[in-house]
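Geometric and topological summary
Residues per chain, in single letters:
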Amino acid sequence: MALPSVWSVMRVVIPFISVVGLLSVRLAGASQDSGSVIPAESRPCVDCHAFEFMQRALQDLKKTAYNLDTR
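Residues numbered from 1 in each chain as written. Predicted model: local features only at pLDDT ≥ 70, side-chain atom pairs only at ≥ 80, totals over all residues. Heavy atoms only, no water.

**Some thoughts on the overall build of the chain**
Rules: The secondary structure listing takes helices from DSSP runs of H or I that are at least 4 residues long and strands from runs of E that are at least 2 residues long, numbered from the N terminus. Partly exposed describes any residue whose relative accessible area lies between the buried limit of under 20% and the exposed limit of over 50%, with all areas from a 1.4 Å probe on protein chains only and scaled to the type maximum. For every accessible area listed, the method is Shrake-Rupley and the probe measures 1.4 Å; residues are considered covered only by the protein chains on display.
When you go through the chain residue by residue, the secondary structure sums to two helices and zero strands. The burial tally for the chain puts 0% of its 71 residues in the buried class. Put simply, the chain shows about 7,100 Å² of open surface, and 67% of that area lies on carbon and sulfur atoms.

**A word on a nonpolar patch on the surface**
Defined as follows: Patch definition: residues above 30% relative accessible area lacking any salt bridge, with like charges linked at up to 9 Å and the nonpolar side chains Val, Leu, Ile, Met, Phe, Trp and Tyr linked at up to 5 Å. Criterion for a salt bridge: a side-chain nitrogen of Lys or Arg within 4 Å of a carboxyl oxygen of Asp or Glu.
A contiguous nonpolar patch, built from Val6, Trp7, Val9, Met10, Val12, Val13, Ile14, Phe16, Ile17 and Val20 and spanning about 1,000 Å² of accessible area, is present on the exposed surface. By the secondary structure assignment, tryptophan 7 is in helix H1 (residues 6-30). Looking at tryptophan 7, the relative accessible area reads 68%, which means it is exposed.

Structure (structure tokens):
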């Protein structure tokens, strides 16, 4: 009995691994608790977080600059 060639085995193995990988990702995503998810309407966007962070950093820089000027 002849052994199958490497290419014919790879044609079967690669799609099989891809399907198993996709199924495992879907199952891992489905196992998250849906009760702990915050609705998108009530959580701030990433840009809002970045803006608030930059605003606080600018305030800290202004305070530091003022303290250095007063010394």
